[in-house]
Amino acid sequence: MRKPIAALALLALGCGAAAPDARPGEAAGPRTAAPAAGAPAEPGRATRAAAEAGRATRAAAKAGRATGAVAKAGRATGAVAVGAARAAGARERASWRITRRGAEHEIEGYADRVSVLPGERFRLLVSTTAPAFTARAFRMGARPTPVWRSGPLPGVRQPPALVVEDMVTAAHWRPSVTVDTTGWPEGAYLVRLDASTGAQRYVPVTVRSASTRGRVVLVNAVTTWQAYNGWGGRSLYQGPGGFAGRSRKITFDRPYDGTGARHFLAFERDAIAVAERSGVPLAYLTSLDLRPGALDGARAVVSLGHDEYYSPGMRAALTRARDRGVNLAFLGAGAVFWRIALHGRMIMCDKESRCLPWQASEPESALVGQGFDCYPAEGAYVVGRPGHWIFEGTRGRRFPGLAGVETDRVSPRSPAGVQVLARSPVDCAGRATEGTTTYYTAPSGAGVFAAGTTRWVCGMRGRRCRHGVTGAAAAFTRRATRNLLTRFAEGPAARPGPSRPASPAAGRPPGEPS
């Protein structure tokens, strides 16, 4: 069926930013030093030597007590210093958050490159009504870490957005600062722009991996982020007058709307944190980086929670990888739905003739294992095969609210032998249907998992996902995802032999504890 067009805000209901995963500091308490005992004065006819010895002993004892007191104070001071340093580190890791968005155009910006290799540079193009601003970059892994900050920069109100053939662009803005990524580890980053007036926005950028060989590849779904981006009043869904006024082409040469990282925080950040804690070796790409050779030697590719927009080249990259034994995991629903054309930093998609759903030609279910079925969907996620290895170590079989807001369903075009791991009855705006979770094995031995709900990653936040999702869902989705990553990191999932745990230190970001 053709996917209905919906308002931008509805597609991310309840998927707000998650809380930081900072580990609290542990201040060691000071030890109590035992006081040194002084020698008692010898009674009676003590000799001068004995008396002198006694006085010397008492002096030594007094000095010992003083030394012990100093040592005790030193240990207490050291413990306080260590505790303060750890607390400061936790605050620094948590400081990536936006605390005040400010007015609509108080500060906003974009990067002139979607992804860079480590050590490469990119430029920030920033517009602000404030007299000055600063920029700070954070690596958004298991523990968000600051890696760079600018000095104060002059605030400039850039010219208004241009509309060129219904495409909103800010390509005419002037660069504000050049950022050198030397020393930055591979990964997903948020650059936070801080106006001197207090307003803040994000600019996302990925430091991509030069090689994916031997690693599990996490893919930021930037083409989908941009499709829903309503900055300047137009997206692929909405424009002046609604759907009829939408853009038929969009560009990365403009800021993202809202906080600047709405889709990343809603559908990707929590899954990346789980992946980094799993200890498997990781690589990082964006959907624009899915080109010939990018996945050579990879063990697995992970599509995160909302990954709809695929060019033929992007889809071919995943298909070739699967056919060479690379495992695939789709941690969402509606993946590979719209067929787009890419031209540099532009996405072409008219949703009429030049950009139709993949179902019209090569259904996505042939790759993903199932295809889009419902929006808006609401229901409980129901495990159908609790004994499957993906669910090993999980508890519970029914998780309220976890099925939605989009769901997939197995179809006649799904691969032969596809296994349905979960069947979740959902209400699709009054139509009764079911969402499914599927798994199949390709002839190459590659395993392909599809969660079939866009709340799979949201569910990792438990109650903070809302929609009735509970803490049990967080434990379930995190454990099942870790099982997937661990098995997929070993190579083709169908190969014979016992499963081997990944090295706990493999792929861990620099500075992370074992």
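What counts as what
- Residues numbered from 1 in each chain as written.
- Predicted model: local features only at pLDDT ≥ 70, side-chain atom pairs only at ≥ 80, totals over all residues.
- Heavy atoms only, no water.
- Phe/Tyr/Trp six-rings, centres within 6.5 Å; stacked < 30°, edge-to-face > 60°.
- Helix = DSSP H or I, 4+ residues; strand = E, 2+ residues; numbered from the N terminus.
- Buried < 20%, exposed > 50% of the residue type's maximum accessible area, 1.4 Å probe, protein only.
- Pairing = 2+ DSSP bridges.
- Salt bridge = Lys/Arg side-chain N within 4 Å of Asp/Glu carboxyl O.
- Disulfide = S-S within 2.5 Å.
- Core = buried A, V, L, I, M, F, W, Y, C linked by side-chain atoms within 4.5 Å.
- Axes fitted to C-alpha atoms, helices over the stretch in contact; angles between N-to-C directions.

Concerning the packing of aromatic side chains
Logical step 1: By the definition in use, this model includes 21 aromatic pairs.
Logical step 2: Considering the side-chain rings of Trp 225 and Tyr 256, the 6.0 Å spacing of their centres and the 75° angle between planes classify their relative orientation as edge-to-face. Of the two residues, Trp 225 sits in helix 2 (residues 222-227) while Tyr 256 sits in the loop between strand 13 (249-251) and helix 3 (262-267), which places them 31 residues apart along the sequence.
Logical step 3: For Tyr 256, a relative accessible area of 16% puts it in the buried group.
Logical step 4: With centroids separated by 5.8 Å and ring planes inclined at 70°, the aromatic side chains of Trp 456 and Phe 476 adopt a geometry described as edge-to-face. You can see Trp 456 sitting in helix 7 (residues 455-458) and its partner Phe 476 sitting in helix 8 (residues 471-488), a full 20 residues away along the chain.

So, the pairing of strand 3 (residues 121-128)
Logical step 1: Of all 8 residues that make up strand 3, 6 are buried, and the element is covered over most of its length.
Logical step 2: In terms of strand pairing, strand 1 (residues 107-111) meets strand 3 through 5 bridges, oriented antiparallel. Paired with Ile 107 across the bridge in strand 3 is Thr 128.
Logical step 3: Summarising the sheet, strand 3 and strand 9 (residues 177-180) pair through 4 bridges and their orientation is antiparallel. Directly across from Leu 124, in strand 9, lies its bridge partner Val 177.

Some remarks on the pattern of salt bridges
Logical step 1: Evaluation of the coordinates by the stated rule reveals 20 salt bridges.
Logical step 2: In this structure, Arg 123 and Asp 112 form a salt bridge, with 2.9 Å as the shortest nitrogen-oxygen distance. Placement of Arg 123 in strand 3 and of Asp 112 in the loop between strand 1 and strand 2 (115-116) is noted, with a sequence separation of 11 residues between them.
Logical step 3: The partly exposed category is assigned to Asp 112, whose relative accessible area is 21%.
Logical step 4: Residues participating in the shared-partner salt-bridge network are Arg 246, Arg 248 and Glu 352.

Examining the state of the cysteines
Logical step 1: Per the counting criterion, the structure on display carries 3 disulfides.
Logical step 2: Through a disulfide, Cys 349 is tied to Cys 355; the S-S separation comes to 1.9 Å. Here the S-S torsion is close to -55°, and the disulfide linking Cys 349 with Cys 355 is therefore left-handed. Cys 355 matches Cys 349 in its accessibility class, with the two residues each being buried.
Logical step 3: Paired through a disulfide, Cys 374 and Cys 428 show a sulfur-sulfur distance of 2.1 Å. On the sign convention where negative means left-handed, the S-S torsion of about 115° between Cys 374 and Cys 428 marks this disulfide as right-handed. In this pair, Cys 374 sits in strand 21 (residues 371-382) while Cys 428 sits in strand 23 (residues 419-428), placing the two residues 54 residues apart along the sequence.
Logical step 4: Looking at Cys 428, the relative accessible area reads 8%, which means it is buried.
Logical step 5: By sequence-ordered numbering of the bonded cysteines, the protein chain has its disulfides arranged as 1-2, 3-4, 5-6.

A few points about the nonpolar core
Logical step 1: Formed by 71 residues in total, the largest nonpolar core has its most connected members in Phe 264, Tyr 309, Leu 331, Tyr 381, Phe 449 and Trp 456.
Logical step 2: Leu 295, Met 314, Val 336 and Trp 358 belong to the second largest nonpolar core, which has 27 residues in total.

Brief notes about the sheet that holds strand 1
Logical step 1: Sheet architecture is open: 3 strands sit in the order 1-3-9, paired in antiparallel fashion. Across the chains shown, the open sheet's two edge strands, defined by having one partner strand only, are strand 1 and strand 9. Put simply, the sheet's adjacent strands are angled 30° from each other on average, direction ignored.

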